[in-house]
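Descriptive structure summary
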Amino acid sequence: MPVAPLRRILHCDMDCFFAAVHMRDDPGLRGKPVVVGGDPSGRGVVAAASYEARKYGIHSAMPAAQARRQCPHTIFLRPDFSRYRRESEKIFAIYRQFTPLIQTLSLDEAYLDVSEHLGDFGSATAIAEEIRRRVRSERRLTVSVGVGPNKLVAKIASDVDKPDGLTVVRPSEAEAFLAPLPVRRLYGIGPATEKTLGELAITTVAELRTTSLDLLLDRFGSWGRTLWEHSRGIDHRPVRAHQVRKSLSTERTFEENLRDLDSMDNILESMADEVARGLEKRRLAACTVTIKVRYPDFTTLTRSHTLPVPTSEAATIATIAHELLRRTDAARRLVRLLGVGASNLVPGDLGQRALFEET
Ligand SMILES: [Mg+2]
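Everything numeric here is computed off the predicted structure, so don't read it as measured data.

**Brief notes about the overall build of the protein chain**
- Each helix and strand counted, the protein chain has 14 helices and 12 strands in total.
- A total of 359 residues make up the protein chain; the buried ones form 38% of that total.
- Here the contacts in the protein chain between residues at least 6 apart in sequence split such that 63% fall between residues at least 24 apart.

Pasting the structure below:
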């Protein structure tokens, strides 16, 4: 039987990243309950809470109004995604000096496969310590790191000693490390699986491990095998290094030059639709919207607008595109090409609509 090569995976997770960036840059916020998110007098929700705020039971996804009730002297800040994105790029640049095999999970979370890149450090633990030291000294922020034989274990480990923690789980310790945890801590176990397992009187990983593979296959289909493996600390999922998308755009050259703003608006609208669908599909949102205009003499220009809050909505992108078009000579000149682009992309799964909804 082929033996799977031993892997060394890091899960790096910045400590309450959004709030930490504000607190680093504004010493007046340090040691205070700080919440980054929507309007507490509206229907906004908490995107990030400082550890001081968490002491009052405040956590992300909670309505901001409730956070204010639980701790009236909380300082509420509106998110500044372009700032987080710039910071994130600098942190990931540090990671890239240790391995090219990096899977980005969000602006502040990543898996690093260092198996083939131990280099002079000699061990994944030494790399984790060095990454933590460099993020602290170069970015004045803290990152918690979990080290394990796979993604499953590394991710759970990074959470054990948060904030500013380092937890190393050796391959031989993985089973024992996972055993006492509730099953919902395992990758992919949501409320539905948790409930089904609960009906089988399985609430901990140790209990899951004593369950036969046949029973799990019977109840969960092929997913049952994954559960069986994960309960034993086995996880073959690779770290998938993917190109981080920087922008999304679409453009069209017209056989016949366009001459009226209405038709240009219509085309921009359908392009905005296309870009929005692309963002949605990749679960991204854009801080910046750009249009491109080319006149018959091939002069090409772009106009951009950066939003305070990232968007993935077609209507918003279209509205901006229409406004940008009016900052060109399109009304007075023929147009042979139009384009719409979205850039400064951030993860779009933060529920911006609820987060920033004003009432
Ligand atoms: Mg984090």
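Continuing now.
**Side note on the environment of E87**
- Relative to the helices and strands, E87 is located in helix α4 (residues 81-96).
- For the pair E87 and D108, spaced 21 residues apart in the sequence, the C-alpha separation amounts to 9.2 Å.

**Concerning the nonpolar core**
- Counting residues in each nonpolar core, the largest one holds 90 residues, and the members touching the most others are L10, L268, I317 and A321.
- Beyond its immediate sequence surroundings of up to four residues, A321 is in contact with L268, A272, V289, I291 and V340.

**Digging into helix α1 (residues 17-25)**
- Among the nine residues that make up α1, seven are buried, leaving the element largely enclosed by the rest of the structure.
- Listing the buried residues of α1 in full gives F17, F18, A19, A20, V21, H22 and M23.

**Side note on the domain arrangement of the protein chain**
- We note that the domain assignment places domain 1 (11-148 + 159-166), domain 2 (179-231) and domain 3 (247-356) within the protein chain.
- Placing the centre of domain 1 and that of domain 3 at their C-alpha centroids yields a distance of 32 Å.

**Focus on helix α5 (residues 124-139)**
- In this model, α5 (16 residues) spans 22 Å end to end at C-alpha, consistent with the 22 Å of a helix rising 1.5 Å per residue.
- What α5 keeps buried is the set A124, I127, A128, I131 and V135. Buried residues of α5, seen end-on, are gathered within an arc of 100 degrees and therefore sit on one face of the element. Facing away from the buried side of α5 by more than 90 degrees, the exposed set consists of R133 and S137.
- Where α5 is buried, its residues meet β1 (9-14), α4, β7 (143-148) and β8 (166-168).

**Re the sheet that holds strand β4 (residues 75-77)**
- The three strands are arranged β3-β2-β4 in an open sheet whose pairing can be described as mixed. The two strands at the open ends of the sheet, each matched to only one other strand, are β3 (46-49) and β4. Going across the sheet, the axis of each strand differs from the next one's by a mean of 30 degrees, ignoring polarity.
- Bridge count between strand β2 (residues 34-37) and β3: three bridges; the pairing is antiparallel. Bridge assignment links V36 to a residue of β3, and that residue is A48.
- Taken strand by strand, α1 contacts β2, β3 and β4, and its axis lies near 120 degrees from that of β2.

**Observations regarding the pairing of β2**
- With burial as the criterion, each face of β2 is covered, one bearing V34 and V36 and the other bearing V35 and G37.
- Pairing analysis gives three bridges linking β2 to β4, with the strands arranged parallel. Bridged to V36 within β4 is L77.

**Comments concerning the pairing of β7**
- The buried fraction of β7 amounts to six of the six residues, a majority that puts the element mostly inside the structure.
- Side chains of β7 alternate between two faces, with V143, V145 and V147 and S144, G146 and G148 buried alike.
- As paired strands, β1 and β7 are joined by six bridges and run antiparallel to one another. Its bridge partner being in β7, D13 is matched across the sheet by S144.

**Looking at the packing of α4 against α5**
- Contact geometry for α4 and α5: axes closest at 10 Å, N-to-C directions at 145 degrees. Both α4 and α5 take part in a crossing whose hand is right-handed. Of α5, the residues touching α4 (which contributes K90, I91, I94 and Y95) are I131, R134, V135, E138 and R139.

Calculation notes
Residues numbered from 1 in each chain as written. Predicted model: local features only at pLDDT ≥ 70, side-chain atom pairs only at ≥ 80, totals over all residues. Helix = DSSP H or I, 4+ residues; strand = E, 2+ residues; numbered from the N terminus. Buried ≥ 20, exposed ≤ 12 C-beta atoms within 10 Å, placed from the backbone. Contact = placed C-beta atoms within 7 Å. Core = buried A, V, L, I, M, F, W, Y, C linked by C-beta atoms within 7 Å. Domains from an automatic or database assignment. Expected span 1.5 Å × (residues − 1). Arc of directions from axis to C-beta. Pairing = 2+ DSSP bridges. Axes fitted to C-alpha atoms, helices over the stretch in contact; angles between N-to-C directions. Left-handed = near helix turned anticlockwise from the far one by under 90°.

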